[in-house]
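Spelled out, the chains give:
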Amino acid sequence: MKKTILVAAALAAVAAATPAAAQNAAVAASPKATAGARLIKPLTLTRLTDLNFGTIVMGTISGDQTVTISGAGVVTCGANGGGLTCTNTAQATASAASYRITGTQGQVVVISSSPSTLSTTNGGGSSLVFNPIIPGPLTLQNSGNAGNDFNVGGSIVINSSTVDGVYSGDVEVQVAYQ
């Protein structure tokens, strides 16, 4: 009987010394992790209309005069008595640039733009700095076209050394999901 107790004690000691042998069954996490993914459509940005300050008549200009067009297309023509007159003509009707975004409904989109250069198209070598005015973040109303339009305005500075002529340049606008 003494031998049986010693054998049993020896087997118990071996089992205690090898814990891996006691864990040969797999154990599942509790609770289980879940996997998920949010799939969204790629953004597209389409220009609908160009930005146009209209016609600006330069009189005797005092200092730097800022001409601004809002996103709603409203032109502010320098400071009072600054020597500028802004008009709409058949050839140059003032309008903000407009764009359309398509993407995934309910997603927030951030709009960005950087200043750009407007150069004279008549070869005079003169230029103006265009500073864009962009709207804040936009929540896409639907995945198609309706309800996802926005406007971009901007400003230019004119002074007594500004050369007359037609100025033109690109307005770079980017959109990204927030």
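Located above this text is the structure these notes cover.
### Brief notes about the packing of aromatic side chains
One pair of aromatic rings is described through two measures. These are the centre distance and the angle between the planes.
Link 1 in the chain: Applying the stated rule across the entire model yields two aromatic pairs.
Link 2 in the chain: Taking the centre distance of 6.3 Å and the plane angle of 75° together, the rings of Phe 53 and Phe 130 count as edge-to-face. Separated by 77 residues along the polypeptide, Phe 53 in the loop between strand 1 (44–49) and strand 2 (55–58) and Phe 130 in strand 9 (residues 127–133) bring together distant segments of the chain. In this structure, Phe 53 and Phe 130 share a single accessibility class: buried.
Link 3 in the chain: Between Tyr 99 and Phe 150, the ring centres sit 5.4 Å apart and the planes meet at 15°, which makes this aromatic pair stacked. On the criterion of sequence distance, the pair formed by Tyr 99 in strand 6 (residues 97–102) and Phe 150 in strand 11 (residues 149–158) is long-range, its members being 51 residues apart.
Link 4 in the chain: Relative accessible area serves as the criterion here: at 6%, Phe 150 is assigned to the buried category.

### Considerations on the side chain of Ser 113
Link 1 in the chain: For Ser 113, the position within the fold is in strand 7 (residues 108–113).
Link 2 in the chain: Judged by its relative accessible area of 18%, Ser 113 falls in the buried class.
Link 3 in the chain: Only 2.6 Å separates the side chain of Ser 113 from the backbone oxygen of Glu 172, close enough to count as a polar contact.
Link 4 in the chain: What Ser 113 contacts, discounting residues up to four positions off in sequence, is Pro 132, Ile 134, Val 171, Glu 172, Val 173 and Gln 174.

### A closer look at the pairing of strand 3 (residues 65–69)
Link 1 in the chain: Judged by which residues are buried, strand 3 turns out to be one-sided: Gln 65, Val 67 and Ile 69 face inward and are buried, whereas Thr 66 and Thr 68, on the alternate face, are not.
Link 2 in the chain: Hairpin connection from strand 3 to strand 4 (residues 75–77): five residues lie between these consecutive antiparallel strands, with Gly 73 at a positive phi of about 90°.

### Brief notes about unusual backbone geometry
Link 1 in the chain: Geometrically, the link from Ser 30 to Pro 31 is a cis peptide bond, its omega value of 0° lying close to zero.
Link 2 in the chain: Examined against the element boundaries, Pro 31 turns out to sit in the loop between helix 2 (19–22) and strand 1.

### Section: the environment of Ala 92
Link 1 in the chain: With respect to the helices, strands and loops of the structure, Ala 92 is situated in the loop between strand 5 (84–87) and strand 6.
Link 2 in the chain: Of the residues examined, Ala 92 reaches a relative accessible area of 12% and is grouped as buried.
Link 3 in the chain: Considering only alpha carbons, one finds Ala 92 and Asn 52, 40 residues apart in sequence, at a separation of 7.0 Å.
Link 4 in the chain: For Ala 92, the residues in contact, after removing those within four places along its chain, are Asn 52, Gly 54, Thr 55 and Thr 87.

### As for the sheet that holds strand 10 (residues 138–139)
Link 1 in the chain: The strand order 10-7-13 describes an open sheet built from three strands, whose pairing is antiparallel. Bordering the open sheet on either side are strand 10 and strand 13 (173–177), each of which pairs with just one other strand.
Link 2 in the chain: Across five bridges, strand 7 lies against strand 13 in antiparallel orientation. Counterpart to Ser 113 in the pairing with strand 13 is Val 173.

Rules and cut-offs
- Residues numbered from 1 in each chain as written.
- Predicted model: local features only at pLDDT ≥ 70, side-chain atom pairs only at ≥ 80, totals over all residues.
- Heavy atoms only, no water.
- Phe/Tyr/Trp six-rings, centres within 6.5 Å; stacked < 30°, edge-to-face > 60°.
- Helix = DSSP H or I, 4+ residues; strand = E, 2+ residues; numbered from the N terminus.
- Buried < 20%, exposed > 50% of the residue type's maximum accessible area, 1.4 Å probe, protein only.
- Polar contact = N/O pair within 3.5 Å; in protein donor to acceptor, adjacent residues only side chain to side chain.
- Contact = heavy atoms within 4.5 Å.
- Pairing = 2+ DSSP bridges.

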